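An overview of the molecular structure
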Amino acid sequence: MTTPAPDEDEVARRSAAHMWDADAASRALGMRLVAAGPGTATVPMVVRADMVNGWDVCHGGVVATLADSCFAVACNSRGTVTVASGFEVSFLESARLGEELVAVGREVALRGRSGLYDVEVRRADGTLVAAFRGRSRSLGTPNPALPAAT
């Protein structure tokens, strides 16, 4: 008797949970995975004192890392181990100490082993802080959280 293959929502949930549980960097920055679906993810983070730069605003590298962590969940949601092949980020507004930032990512295109993803990082009031576009490349390896094909 074979076990039925999980549907795309279950694949996304299992893939995200497996990767997120091992992501020490995102957890160290206080990020939380609050939603993951096929090609999507939502990851919030509160700006802490150790994240602000010399101008008393959230360091751009921290904002980019939040977007990158959200991108990682979204691009790994299809059941194969996937890595970034590059990204660009545009900073539009500053974030300050104590503000919660929410990164929301979505798949724009998936062709063969390559993908394109957009992530918006916003303040709680909806202000767009950064726009991120990531390029992904699947390694072709099944996510270890999924049942082996029989």
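Fair warning: this is a prediction, and the values are worked out from it, not measured in the lab.

Considering the packing of helix α1 (residues 8-21) against helix α3 (residues 60-75)
Two elements in contact, α1 and α3, have axes separated by 9 Å at closest approach and are oriented at 140 degrees. For the element pair α1 / α3, the angle class is oblique. Contacts between α1 and α3 involve Ala16, Met19 and Trp20 from the former and Ser69, Ala72 and Val73 from the latter. Taken together, the residues that form the contact of α1 with α3 break down as five nonpolar, one polar and no charged.

Let's talk about α1
Its 14 residues give α1 an end-to-end C-alpha distance of 20 Å, which sits within 8% of 20 Å, the value for a rise of 1.5 Å per residue. Against α2 (24-28), β1 (35-37), β2 (40-46) and α3 lie the buried residues of α1.

Section: the pattern of salt bridges
Tallied over the full model, the rule gives eleven salt bridges. In this structure, arginine 14 engages glutamate 10 in a salt bridge whose closest nitrogen and oxygen atoms are separated by 2.8 Å. You can see arginine 14 and its partner glutamate 10 sitting in helix α1, four residues apart, about one turn around the helix. Accessibility expressed as a relative area gives 28% for arginine 14, which makes it partly exposed. Three or more residues are tied together by salt bridges with common partners; here these are Glu8, Arg78 and Glu107.

The rules behind the values
Residues numbered from 1 in each chain as written. Predicted model: local features only at pLDDT ≥ 70, side-chain atom pairs only at ≥ 80, totals over all residues. Heavy atoms only, no water. Axes fitted to C-alpha atoms, helices over the stretch in contact; angles between N-to-C directions. Helix = DSSP H or I, 4+ residues; strand = E, 2+ residues; numbered from the N terminus. Parallel < 35°, antiparallel > 145°, perpendicular 65-115°, else oblique. Contact = heavy atoms within 4.5 Å. Nonpolar A, V, L, I, M, F, W, Y, C, P; charged D, E, K, R; others polar. Expected span 1.5 Å × (residues − 1). Salt bridge = Lys/Arg side-chain N within 4 Å of Asp/Glu carboxyl O. Buried < 20%, exposed > 50% of the residue type's maximum accessible area, 1.4 Å probe, protein only.

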